[in-house]
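Close look at the chain arrangement
One-letter residues, chain by chain:
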Amino acid sequence: MSELRNMIEAEAKNLGFFVCGFARACTVTNAMRTHCTEWLAKGGNADMHYLENYLDKRFDPRLLMPGVKTIVVVALNYYPAHRLPEGEPQIADYALGQDYHDIVKGKLRQLAARAGITEYRAFVDTAPVLERYWAVQAGLGWIGKNQMLIIPHAGSEFFLGELFITEEQEPDKPLPNRCGTCHRCIDACPTHALCLPAKPVEGYGEITGFASERCLSYQTIENRGALSEAAKSAMGDMFYGCDRCQRACPWNRFATPCATPELQPREELLGMTRQKWDNLSVEDYRRLFKGSAVKRAKYDGLKRNIDALS
């Protein structure tokens, strides 16, 4: 094992990453390429047209960074120590703290600096990188029927990040899928966005059917139009995101609360009530979600969702 690898692993742990793995930078399997293009052709991405962009780079990371030899994949735990009070409107776990894009990318830059890596690129969700594919290649976990990366004895509530480096390192081996015959996540999906049977995809695992347009996370975050009737009837008390497929997953019983200070919810957020949400002003929204991923839905989108709560 190389000295650089040891240093990267040690510094990743020091920076609070739960796990770190290594994958060889190369083109994705033909099966993965076919799966992605077929899913897009069927409109599985709804109106998230950005997923159709730069497919050549999505399928070959070497086009994103000439000279890249290794993809270092890290996972940062976001399982919350505190959620919003029971009985009050809820938001998805990942959005309770500050924006993960800034947090994870900042830590990746620190990781590169501490390991003495000067030629690199850091990615967190906003570039044409098939994050979960590379997480599987790097041996972090497997893809569950909820299409989330599941880390053994830790669950799925993790942010992923990638560090592209020019140094060649020994790649980790993918882990076997350990979901077995369990389909609790599919049963828990209130809008039937997930469906069986699962389809085997070489280099990735078995993938269930997924229709973004039905997903409550898509409807309440990415969707800029009116909420579907199915979404409005299935929201319950969750007005931003969903999390039901994750909370149903038996592997998440092993989840431990995250300790990253920036990912902890603010006191004001924890003190929000239905009445306060109903009366949310633009100023309240800007103050409450300054530096938060919730801003993705914008004020009008958030109010649309709040107004639809039962």
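Provided above is the structure to which this section pertains.
What comes next is a walk through the structure. (Residues numbered from 1 in each chain as written. Predicted model: local features only at pLDDT ≥ 70, side-chain atom pairs only at ≥ 80, totals over all residues. Heavy atoms only, no water.)

1. Topic: the environment of Glu 213
- Within the element layout of this structure, Glu 213 appears in the loop between strand E9 (205-210) and helix H7 (216-222).
- In sequence terms Glu 213 and Met 48 are 165 residues apart; their C-alpha atoms lie 9.6 Å from each other.
- Once you skip the residues sitting within four places of it in the chain, Glu 213 turns out to touch Ala 46, Tyr 218 and Gln 219. (Helix = DSSP H or I, 4+ residues; strand = E, 2+ residues; numbered from the N terminus. Contact = heavy atoms within 4.5 Å.)

2. Here we look at the packing of aromatic side chains
- Inspection of the entire model under this criterion finds 14 aromatic pairs.
- With centroids separated by 6.1 Å and ring planes inclined at 15 degrees, the aromatic side chains of Trp 277 and Phe 289 adopt a geometry described as stacked. Of the two residues, Trp 277 is situated in helix H11 (residues 274-278) and Phe 289 in the loop between helix H12 (282-288) and helix H13 (298-308); the sequence distance between them amounts to 12 residues. Across the pair, Phe 289 and Trp 277 agree in class, each one buried.
- An angle of 65 degrees between the planes, with centres 5.7 Å apart, marks the rings of Tyr 285 and Tyr 299 as edge-to-face. Of this pair, Tyr 285 sits in helix H12 while Tyr 299 is found in helix H13, placing the two residues 14 residues apart along the sequence. Each member of the pair Tyr 285 and Tyr 299 is classed as buried.
- Feature note: the residues Tyr 78, Tyr 94, Tyr 100, Phe 159 and Tyr 240 constitute an aromatic cluster, connected by ring pairs. (Phe/Tyr/Trp six-rings, centres within 6.5 Å; stacked < 30°, edge-to-face > 60°. Buried < 20%, exposed > 50% of the residue type's maximum accessible area, 1.4 Å probe, protein only.)

3. With respect to the sheet that holds strand E7 (residues 158-165)
- Pairing within the open sheet is antiparallel, and its four strands lie in the order E1-E2-E7-E4. In this open sheet, the two strands that pair with only one neighbour each are strand E1 (19-24) and strand E4 (120-123). Mean inter-strand twist for the sheet, computed between neighbouring axes without regard to direction, equals 20 degrees.
- Examined bridge by bridge, E1 and strand E2 (residues 70-77) share six bridges and lie antiparallel to one another. Counted as the bridge partner of Phe 22 is Val 72 from E2. (Pairing = 2+ DSSP bridges. Axes fitted to C-alpha atoms, helices over the stretch in contact; angles between N-to-C directions.)

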